[in-house]
Amino acid sequence: MVLRFARPRNLAAELEQRLDALRTSGAAPAAVLAFDDMLRRHEAEAAQTGARVSDILARSNAVGFASWGEQSGRLHSSGSFVGLSLRPPQAEAD
């Protein structure tokens, strides 16, 4: 088992930056299928940014759920957000 220590970052700002990049990189997503780790939710609530994170996800048309992610025995080994961007098909160039 490999253990790595992460440095805390501004969860809300990073999420907003990455989801905004989806909107500016072509057609805006019709929806984002989101799988968020419960540790991220707890981190956002501890940093008092839970409402901001919820607003960012709502603006991005994100739907999905939070789960406990990957676990090995009692060790929780994740803390990630996984999203699938669903976009309308692009028109073909003539």
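Residues numbered from 1 in each chain as written. Predicted model: local features only at pLDDT ≥ 70, side-chain atom pairs only at ≥ 80, totals over all residues. Heavy atoms only, no water.

**Regarding the side chain of Asp36**
Link 1 in the chain: With respect to the element layout, Asp36 can be found in strand 1 (residues 31-37).
Link 2 in the chain: Given the relative accessible area of 10%, Asp36 is considered buried.
Link 3 in the chain: At 2.7 Å, the side chain of Asp36 forms a polar contact with the side chain of Arg40.
Link 4 in the chain: Among all residues touching Asp36, those that are not within four sequence positions of it are Phe65, Ala66, Ser67, Ser80 and Phe81. (Helix = DSSP H or I, 4+ residues; strand = E, 2+ residues; numbered from the N terminus. Buried < 20%, exposed > 50% of the residue type's maximum accessible area, 1.4 Å probe, protein only. Polar contact = N/O pair within 3.5 Å; in protein donor to acceptor, adjacent residues only side chain to side chain. Contact = heavy atoms within 4.5 Å.)

**A look at the nonpolar core**
Link 1 in the chain: In this structure, Leu11, Ala12, Leu15, Leu19, Ala44, Val53, Ile56 and Leu57 together form the largest nonpolar core, which totals eight residues.
Link 2 in the chain: Top contributing element to this core by residue count: helix 1 (residues 11-24), with four residues. (Core = buried A, V, L, I, M, F, W, Y, C linked by side-chain atoms within 4.5 Å.)

**So, the confidence of the model for the protein chain**
Link 1 in the chain: Confidence along the protein chain averages 83 in pLDDT terms, with 87% of residues attaining 70 or more.
Link 2 in the chain: Per-element mean pLDDT across the protein chain ranges from 70 in strand 4 (residues 75-76) up to 93 in helix 3 (residues 50-59). (pLDDT = per-residue confidence, 0-100.)

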